[in-house]
Amino acid sequence: MNNAFPHESTDCANLPKTIALIGKYHSQEIAESLRMLARYLHERGITVLIEEETARNLVSQLDLRSWASGSFSWLGAHADMAIVLGGDGTMLNAARQLARYRVPLVGVNQGRLGFMTDISRTDMLAAMDSLLDGQFVPETRMLLEAEITRDERVVAAHLALNDVVVDKGAIGRMIEFELFVDGEFIYHLRSDGLIVATSTGSTAYALSANGPILHPQVSAIALVPLCPHSLTNRPILVGDRNEIEIRIVHGIDSRAHFDGQVTVDLKNGDCVRLRRSEYSICLLHPPGHSYFAMLRQKLHWSERPKEH
C-alpha cells in the first residue's frame, strides 16, 4: 500500500469556473432541480458539465443537450467543483469517484437533512449565490483505502469515505477473524463482523452499533465490533497513521463492504488491510453551517432550554 502520508488540499475553496452536476438517478425532483441549477449557473457565466449516468437516466425528463456530459474521470479532469443533488448515498459515490482528482463537493439534499448534503432544495439558488461569492466554508474529510489480499496476491482495492465493514454475509453465522494494528495482534474475535469507520462514517452504520461520534476535525479511525460473542470487546479508536489488518480465520460467506455500495466476497485466510488514503475530500458548507446543529436536528437531540 502507498505509505505516503495524506496531504490536505490547498485549493479547496477557489472560486469555480467549471462546475459538474451529479444527481440521484430516476428522480423527477432531481431532474427539475438539476435543470434549474444548470440554467442558473450558466447565467452566472459558469461552464456546466453533467455526469454521464445522471444525463442518461434523466434524458427523458429534461433536455440536457445544452450541456456537455462525461464520465467521472472526465469530470475530474475538467471540473473545478461538483454539486451533488440527492442524498448522502449519492455523495458517497461521487466522493469515491472524484477523490483522486481533488474536486471539492457541494451537497444539495432532495429529501430530509443529510449528514453531508446540507443544502435544502428550497434554499438551493440562494446558497449558490453565496457559493459563487466565495462565502462557503471548506472542510477536509479523510478517506480509507483498503486492499484485500489472498495467497499474498491483491484481489481487490477500494476507497471508502464512510466505512469498510467486514461481516458474516447472508448465511447468518458468526465469523472469526484476527485484528492487528501496525502489525501488533489486538484480539481474536467471533462476531457478526467489524466496522472500520472514519469520522464521517461515525454517524452511519457505526453509530447504530454503539460506536462513538467523531467530530470531523478528529483524526482517528473507529473500530466497532458487530454483535461480538464476548461483551468485553468494545469500540476502539486508533490514529489515522495506524494501519489496520483483519485476517479472516473462519467465515463461510464473509464479505467486505465499502460505504455500503461496493461488496467483495471473502474467503478463509483473506486479509483486509486498511489505512488512511493519500486522497482526501473537500466538502464546501454554506455560511452558518454547524456540525453540532446538524447533529441536533438529524439525531433529534433536545434543544437548549429557553432562559426565563
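Cut-offs used in this document
Residues numbered from 1 in each chain as written. Predicted model: local features only at pLDDT ≥ 70, side-chain atom pairs only at ≥ 80, totals over all residues. Heavy atoms only, no water. Helix = DSSP H or I, 4+ residues; strand = E, 2+ residues; numbered from the N terminus. Buried < 20%, exposed > 50% of the residue type's maximum accessible area, 1.4 Å probe, protein only. Contact = heavy atoms within 4.5 Å. Areas by Shrake-Rupley, 256 points an atom, 1.4 Å probe, with all protein chains shown as cover. pLDDT = per-residue confidence, 0-100. Arc of directions from axis to C-beta. Pairing = 2+ DSSP bridges. Salt bridge = Lys/Arg side-chain N within 4 Å of Asp/Glu carboxyl O.

Caption draft 1: Spatial organisation of the overall build of the protein. Of the regular secondary structure elements, the protein holds seven helices and 18 strands. Classification of the 308 residues of the protein by burial places 52% in the buried group. A sequence separation of at least 24 residues applies to 69% of the contacts in the protein between residues at least 6 apart. Approximately 14600 Å² of the protein is accessible, and the part contributed by carbon and sulfur atoms is 47%.

Caption draft 2: Molecular detail of the confidence of the model for the protein. The share of residues in the protein with pLDDT of 70 or more is 90%, and the mean pLDDT across the chain is 90. Long-range and interchain partners of residues 2–10, a stretch whose pLDDT sits below 50, account for 19 contacts in this model, where long-range means more than four residues apart.

Caption draft 3: Molecular detail of unusual backbone geometry. In the Ramachandran plot, Arg-102 falls in the positive-phi region, its phi being about 60 degrees despite a non-glycine side chain. In this structure, Arg-102 sits in the loop between α4 (88–98) and β5 (105–109). Assessed through its relative accessible area of 37%, Arg-102 is described here as partly exposed. For Asp-151, which is not glycine, the phi torsion reads 55 degrees and is therefore positive. Positionally, Asp-151 belongs in the loop between β7 (137–150) and β8 (153–160).

Caption draft 4: Region of interest: helix α7 (residues 291–298). Within the span of α7, buried status applies to Tyr-291, Met-294 and Leu-295. In an axial view of α7, the angular spread of the buried residues amounts to 100 degrees, which keeps them on one side of the axis. A positive phi of about 60 degrees marks His-300, the residue just after α7.

Caption draft 5: Looking closely at the pairing of strand β18 (residues 271–285). With respect to burial, β18 is a largely interior element, 13 of its 15 residues being buried. Inspection of the sheet shows β7 paired to β18 by 12 bridges, in the antiparallel sense. What sits directly across from Thr-140, in β18, is Cys-282. Across four bridges, the pairing between strand β15 (residues 244–250) and β18 is antiparallel. By the bridge assignment, Glu-245 is partnered in β18 with Arg-273.

Caption draft 6: Layout of the pattern of salt bridges. The tally for this structure, following the rule as stated, stands at 15 salt bridges. Close ionic contact of Arg-35 with Glu-32 constitutes a salt bridge, the shortest N to O distance being 2.7 Å. Taken together, the positions of Arg-35 and Glu-32, both in helix α1 (residues 28–43) and three residues apart, correspond to about one turn of that helix. On the accessibility criterion, Glu-32 (34% relative accessible area) is partly exposed. For Asp-133, the salt bridge is made with Arg-44, and the minimal N-O distance between the two is 3.6 Å. Taken together, the positions of Asp-133 in the loop between α5 (124–132) and β7 and Arg-44 in the loop between α1 and β2 (47–51) put the pair 89 residues apart, joining distant regions of the chain. Here Arg-44 falls in the partly exposed class, since its relative accessible area comes to 37%.

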